[in-house]
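Below are the chains, spelled out letter by letter.
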Amino acid sequence: MTANDFERYNPREKEPFWQKTWDEKETFTVSDEIPADPYYVLEMFPYPSGRIHVGHVRNYAMGDVVARFQRARGKTVLHPMGWDAFGMPAENAAMANKVHPREWTYANIAAMRTQLQSMGLSLDWSREFATCDEAYYHRQQMLFLDFLEAGLVTRKTSKVNWDPVDQTVLANEQVIDGRGWRSGALVEQRELTQWFFKISDFAEELLEAIDGLDNWPEKVRLMQQNWIGRSEGLRMLFEVATEQSPAKTIEVFTTRPDTLFGASFIALSADHPLAAELAKTDPALVDFIAECHRMGTAAETIETAEKKGFKTTLEVKHPVIEGATLPVYVANFVLMDYGTGAIFGCPGHDQRDLDFANAYGLPVIPVILPEDADPKSFTITDEAYTGPGKVFNSGFLDGLDVEDAKAKIAQTLETRLVDGKPQGVRQTNYRLRDWGISRQRYWGCPIPVIHCDHCGVVPVPKDQLPVRLPEDVEFDTPGNPLDRHPGFRNTTCPECGAEARRETDTMDTFVDSSWYFARFTAPGAETPTVPALANAWMPVDQYIGGIEHAILHLLYSRFFTRAMKKTGHIGIDEPFKGLFTQGMVTHETYKDDSGQWLAPTEVAIEMVGEERVARHIGTGKPVTIGSVEKMSKSKRNVIDPEDMIAAYGADTVRWFVLSDSPPERDVQWTEAGIEGAWRYVQRVWRLVNEASAVLDTSAETLDEDPASIEMLKTAHKAVDQITRDIAGLRFNRAVAQVYELTNAISKFLPAIAPAPSLTAIKALRTSVEFLIQTIAPMMPHLAESCWGVLGHDRMVCDTPWPEADPRYLVDDTVVLAVQVNGKRRGEISVAKDAAGPQVEEAALALDAVARILDGKSPKKVIVVPNRIVNVVA
Ligand code: ANZ
Ligand code: ZN
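For clarity, every value in this text was computed on a predicted model and none was experimentally measured. (Residues numbered from 1 in each chain as written. Chains lettered and ligands numbered in written order. Predicted model: local features only at pLDDT ≥ 70, side-chain atom pairs only at ≥ 80, totals over all residues. Heavy atoms only, no water.)

Caption draft 1: Local environment of the overall build of the protein. In terms of regular secondary structure, the protein is built from 26 helices and 37 strands. Judged by the C-alpha coordinates and their principal axes, the protein covers about 110 × 80 × 65 Å. Considering the protein as a whole, with its 873 residues, one finds that 52% of them fall into the buried category. Long-range pairs, those at least 24 residues apart, make up 71% of the contacts in the protein with a sequence separation of at least 6. Total accessible area on the protein is roughly 39,300 Å²; 50% of this is exposed by carbon and sulfur atoms. Considering the protein, the positive charge centre built from 91 side chains and the negative charge centre built from 124 side chains are found 2 Å apart. (Helix = DSSP H or I, 4+ residues; strand = E, 2+ residues; numbered from the N terminus. Buried < 20%, exposed > 50% of the residue type's maximum accessible area, 1.4 Å probe, protein only. Contact = heavy atoms within 4.5 Å. Areas by Shrake-Rupley, 256 points an atom, 1.4 Å probe, with all protein chains shown as cover. Lys, Arg positive; Asp, Glu negative; His and termini not counted. Charge placed at Lys NZ, Arg CZ, Asp CG, Glu CD.)

Here it is, written out as structure tokens:
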């Protein structure tokens with residue numbers, strides 16, 4: 001038989017067959033019992049936009065490899081899928097197309113489910129839910145009430161970023177250059193009473209526990225640390241020197257009290273109560289404060305905006321320089337919700353302060369001297385010095401280094417009293433703010449409370465949950481449809497029975513994604529979790545997703561897990577033991593002669609000599625090939641995974657996205673790459689069929705031929721390496737090993753096919769089975785079909801992962817360098833620990849050596865066992 005006698009592998013027929021088989025046999029369904037030897041792998045669940053994109057494919061392919069691999073290794077694997085289904089896009093669609101958000105969302109879910117199912121993922125679909133399912137948001141409301149009771153929720157007024165077009169509050173991250181991320185409208189500041197989760201109570205704990213997350217990328221750990229932003233500093237009081245003043249003291253927070261002698265001004269936030277007090281008699285200050293408010297609350301905007309200030313009538317006494325005073329400004333770069341909302345400015349050693357001082361002609365006094373700098377000539381003009389050094393120009397602090405000076409000034413101020421209070425108090429501050437969860441939107445989880453004029457805020461009694469989203473809502477006008485829905489809004493107080501108003505805010509969708517992983521462990525439970533099950537499965541062993549969620553989603557989930565522990569819903573602190581952030585999928589970009597972006601499907605590429613030349617398929621006109629970039633709709637360099645799966649099958653697509661680059665890096669989608677993967681699928685199929693024919697022949701002899709031993713060694717080494725690579729999530733390296741094994745089998749097979757010995761047949765069977773088993777996590781359909789060709793009844797996904805036999809892993813030959821008179825002339829391969837005479841003989845037999853010796857015997861031959869042979873001629 002020749003290769004051509006086998007039919008091509010047809011994924012269009014085989015893939016649906018296997019998917020149906022797994023589905024019918026409930027292969028990947030896990031029971032509701034406490035699992036034995038559990039392993040929980042989870043990919044960040046998708047937003048149901050309507051179509052999966054290549055990023056999803058890469059993400060889920062990786063998760064599936066882990067899931068199938070762990071399952072084959074005997075773990076009880078939980079690998080669920082759901083939908084992060086609340087949020088703005090559904091409402092926008094409702095506004096644009098007059099379709100109800102619910103309808104739009106569930107239709108998208110149905111479409112995407114079909115697409116995901118075509119990937120052949122080993123998911124337990126019986127656990128699927130969407131966060132907009134009533135059953136889910138009902139339990140989320142229960143959690144909210146428990147958190148409320150436990151003191152983890154609070155209500156406070158705060159300044160918010162208000163998007164006047166979308167009529168909603170935006171998180172700081174959603175304000176980009178002062179505009180709403182979605183609407184593009186200029187963001188305004190508003191005071192709103194909102195619901196908050198008290199995540200800042202956990203700041204220290206969340207920070208400390210990062211140390212234990214050793215299966216997380218270092219990058220993400222750092223991002224979390226910076227976000228929490230702990231800083232140690234001093235709260236200190238400045239005494240007001242001006243007679244006419246609404247306040248006797250101004251309190252500032254500083255992390256650099258060592259620079260106090262370099263202070264040249266005080267700055268208050270525009271929202272500082274003292275600023276408001278002063279504005280009462282100063283219309284110009286009123287205008288300045290209003291100007292600051294137009295800037296938005298985002299830290300980034302404030303960082304980058306031009307530093308502006310307003311000089312007030314106040315002055316304060318310098319705490320450590322007798323007789324000196326400092327002017328008091330209101331400044332646009334001081335935030336009210338950090339520290340005390342007031343600072344002392346030291347222009348020499350803080351860039352913002354320097355920019356400010358240069359703008360307003362304030363003194364710049366350097367007080368930290370870099371090593372090697374000359375104190376007489378050291379000056380600061382445009383760049384503040386923030387590095388280490390010795391304190392100078394600073395009276396009793398002179399000569400100390402920064403840390404010692406901080407301690408000394410703190411000690412000094414702690415023991416002094418101003419207005420009856422210590423002038424300095426050491427304090428640790430965190431950048432982390434409480435998490436505002438109120439959203440003035442319809443398509444979210446209703447916050448289950450009622451406002452009563454007599455009783456205040458009254459939680460909805462648990463037996464009256466869920467607070468359901470009403471169906472009959474209008475999206476014709478902007479704003480929150482719940483707020484204009486009398487049937488929803490008007491209610492009675494559960495406590496006193498009076499007429500009352502239902503809370504019309506819904507929860508931030510980040511709440512929905514902060515505990516879904518726990519819900520998957522008991523998706524049908526009446527309570528949010530079944531603690532015994534949650535504790536058995538959790539923490540998630542391997543969580544996989546995009547780096548864009550490195551901060552908020554992960555931090556909120558970590559907080560939520562702690563809050564759920566406090567309220568008895570789970571027994572652990574950290575939700576994700578292992579975290580992996582995968583790279584993106586990129587593609588070349590194309591532009592036509594008028595500069596318009598073109599989609600890859602509109603472009604044909606040919607080789608002209610060495611050069612790739614592109615033209616427009618429709619018009620034949622030349623096309624410019626641009627840079628390789630992240631796939632994006634705006635640049636049109638997107639590949640639709642559905643098209644690719646339809647054309648090549650899921651296995652080819654999976655193989656390609658796993659094979660080309662390390663999973664944490666970007667992978668470039670190329671036609672050549674996907675074609676290569678397709679050819680490999682066919683090659684495996686052919687090879688397995690050819691091998692199967694040989695396996696069926698009856699052997700006569702039982703020779704222990706070296707080729708068979710070599711084959712076995714290669715196969716066992718491949719299994720050993722692939723096992724370690726998959727366990728370490730190095731999928732591309734596993735793929736490379738699989739290719740090597742395939743190549744070895746391709747050589748071995750024709751060599752033994754004409755007259756195979758029993759040993760050869762055994763070696764062939766082992767090798768081919770190993771090949772099929774090791775590709776199975778990555779190309780599960782092809783693997784099942786091949787497994788069937790070898791005559792197995794049991795599916796390969798139900799077959800235990802192969803074990804490498806350590807006997808085949810040791811190398812029993814070594815390669816020795818051979819030198820003649822100290823010069824390298826070649827190498828020989830001999831048995832490990834071979835005896836001296838044997839090695840000598842092999843070395844002298846080398847052509848290059850024999851030529852030099854030219855028939856004479858060597859003067860001496862020195863053999864360093866397992867290392868080198870030196871011939872002295
Ligand atoms: C004097 C000083 C001198 C400062 C110097 C820095 C350098 P981190 O490390 O992020 O905590 N600051 C304090 N409260 C602020 C607020 N509400 N808005 C804007 N800036 C504020 O930063 C602490 C430093 O940021 C503090 O230390 C304070 O300026 C400023 F050479 O005090 B520093
Ligand atoms: Zn009441």
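The discussion continues.
Caption draft 2: Spotlight on the site of ligand 1. Close to ligand 1 lie 17 residues; Ser231, Thr254, Leu335, Tyr338 and Arg431 are nearest. A distance of 3.3 Å separates an oxygen atom of ligand 1 from a polar atom in the side chain of Arg352. Here Arg431 contributes a side-chain N or O atom positioned 2.5 Å from an oxygen atom of ligand 1. When the free accessible area of ligand 1 is taken as 650 Å², the share hidden by the protein chains comes to 88%. Within the residue set of the shell around ligand 1, elements represented by two or more residues are β9 (249-254) and β13 (342-345). When its residues are assigned to classes, the shell around ligand 1 shows eight nonpolar, five polar and four charged. (Near = heavy atom within 4 Å. Polar contact = N/O pair within 3.5 Å; in protein donor to acceptor, adjacent residues only side chain to side chain. Nonpolar A, V, L, I, M, F, W, Y, C, P; charged D, E, K, R; others polar.)

Caption draft 3: Region of interest: the packing of helix α3 (residues 88-97) against helix α4 (residues 101-117). With their axes 8 Å apart at the nearest point, α3 and α4 run at an angle of 115 degrees to one another. The way α3 lies across α4 gives a crossing that is right-handed. Contact residues: α3 offers Pro89, Ala90, Glu91, Ala93 and Ala94, while α4 offers Pro101, Trp104 and Thr105. Its residues assigned to classes, the contact of α3 with α4 shows six nonpolar, one polar and one charged. (Axes fitted to C-alpha atoms, helices over the stretch in contact; angles between N-to-C directions. Left-handed = near helix turned anticlockwise from the far one by under 90°.)

Caption draft 4: Structural detail: the coordination of the zinc ion (ligand 2). The coordination sphere of the zinc ion (ligand 2) contains the protein donors Cys452 (SG), Cys455 (SG), Cys493 (SG) and Cys496 (SG), at a distance range of 2.2 to 2.3 Å. Coordination at the zinc ion (ligand 2) comes from four donor atoms whose angles at the metal span 106 to 113 degrees, giving a geometry best classed as tetrahedral. Along the chain, the residues donating to the zinc ion (ligand 2) fall in the pattern C-x2-C-x37-C-x2-C. Exposure remark for Cys496: the relative accessible area of 39% places this residue in the partly exposed category. (Donors = N, O, S within 2.8 Å, 3.2 Å for Na, K, Ca; no water. Tetrahedral: all angles 85-135°; square planar, octahedral: opposite > 155°, others 65-115°.)

Caption draft 5: Local environment of helix α17 (residues 552-566). Between its first and last C-alpha, α17 extends 21 Å over 15 residues, near the 21 Å set by a 1.5 Å rise per residue. Burial of α17 is extensive: 13 of the 15 residues sit out of reach of the surface. Following α17 by one or two positions, Gly568 has its phi on the positive side, about 80 degrees. (Expected span 1.5 Å × (residues − 1).)

Caption draft 6: The arrangement of empty space enclosed by the protein in detail. Taken as a whole and assessed by the stated rule, the structure comprises one cavity of 30 Å³ or more. Its boundaries defined by the atoms lining it, the largest cavity holds a volume of some 120 Å³. The wall of the largest cavity is formed by 13 residues, among which Arg68, Ala72, Ala776, Val796 and Cys797 lie closest to the centre. Among the elements of the structure, α2 (54-72) and α24 (780-789) are those that each provide at least two residues to the lining of the largest cavity. Counting residues per element, the lining of the largest cavity draws most heavily on α2, which supplies three residues. Residues that form the lining of the largest cavity fall into these classes: eight nonpolar, two polar and three charged. (1 Å grid on protein atoms, 1.4 Å probe; cavity = no way out; pocket = protein on both sides within 12 Å on 5 of 7 lines; lining within 4 Å. Points joined across faces, edges and corners; volume = space filled by probe spheres on them.)

Caption draft 7: Focus on the side chain of Gln423. Position of Gln423 among the secondary structure elements: in the loop between β17 (421-422) and β18 (424-430). Assessed through its relative accessible area of 5%, Gln423 is described here as buried. Other than its neighbours up to four places away in sequence, Gln423 contacts Arg235, Met236, Leu237, Pro319, Leu413, Arg416 and Val418.

Caption draft 8: Spotlight on the sheet that holds strand β8 (residues 230-239). Taken together, the three strands give an open sheet; going across it, the order is β9-β8-β18, and neighbouring strands pair in antiparallel fashion. Lying at the two open borders of the sheet, with one neighbouring strand each, are β9 and β18. The average angle at which neighbouring strand axes cross in this sheet is 30 degrees, direction not considered. Sheet topology note: the β8/β9 ladder contains six bridges and is antiparallel. Across the sheet, residue Leu234 finds its bridge partner in β9, namely Thr254. Against the sheet, helix α12 (residues 402-414) makes contact with β8 and β18, and its axis sits at roughly 125 degrees relative to β18, the strand it touches most. (Pairing = 2+ DSSP bridges.)

Caption draft 9: Representation of the packing of aromatic side chains. Applying the stated criterion across every chain yields a total of 46 aromatic pairs. Look at Tyr516 and Phe520: their rings are 5.7 Å apart centre to centre, the planes differ by 75 degrees, and that puts the pair in the edge-to-face class. Comparing Tyr516 with Phe520, the two get one shared label, buried. Connected via pairs of aromatic rings, a cluster forms that spans Phe144, Phe147, Trp195, Phe197, Phe202, Trp435, Phe510, Tyr556, Phe559 and Phe560. One cation-aromatic arrangement involves Arg502 over Phe488; the distance from NZ or CZ to the ring centre is 5.6 Å. (Phe/Tyr/Trp six-rings, centres within 6.5 Å; stacked < 30°, edge-to-face > 60°. Lys NZ or Arg CZ within 6 Å of the ring centre and 35° of its normal.)

Caption draft 10: Quick look at the side chain of Gln224. Among the secondary structure elements, Gln224 is positioned in helix α7 (residues 218-228). A residue is classified by how much of its surface remains accessible, and Gln224, at 1% relative accessible area, is buried. Beyond its immediate sequence surroundings of up to four residues, Gln224 is in contact with Ile210, Trp216, Ala550, Ile551, Leu554, Leu555 and Arg558.

Caption draft 11: Highlighting the pattern of salt bridges. Scanning all chains against the criterion turns up 50 salt bridges. For Lys280, the salt bridge is made with Glu277, and the minimal N-O distance between the two is 3.3 Å. Arg730 serves as the salt-bridge partner of Asp725, at 2.9 Å between the closest nitrogen and oxygen. Assessed through its relative accessible area of 1%, Asp725 is described here as buried. You can call Arg730 partly exposed: its relative accessible area is 31%. Several salt bridges share partner residues, and in doing so they unite Glu205, Arg558, Arg562 and Glu574 into one network. (Salt bridge = Lys/Arg side-chain N within 4 Å of Asp/Glu carboxyl O.)

Caption draft 12: View of the sheet that holds strand β11 (residues 309-317). Here we have four strands laid out as an open sheet, ordered β11-β12-β10-β13, and mixed in their pairing. Bordering the open sheet on either side are β11 and β13, each of which pairs with just one other strand. Ignoring which end each strand starts from, the neighbouring axes of this sheet average 30 degrees apart. Pairing geometry for β11 and strand β12 (residues 325-331), over six bridges, is antiparallel. Of the residues in β12, the one forming a bridge with Gly309 is Ala331. Here helix α9 (residues 283-293) sits on the sheet and contacts β11 and β12; the angle it forms with β11, its principal contact strand, is near 115 degrees.

Caption draft 13: How the structure looks around the state of the cysteines. Scanning all chains against the criterion turns up zero disulfides. Counting only cysteine sulfurs, Cys445 is the nearest neighbor of Cys132, a cysteine outside any disulfide, at a range of 11 Å. (Disulfide = S-S within 2.5 Å.)

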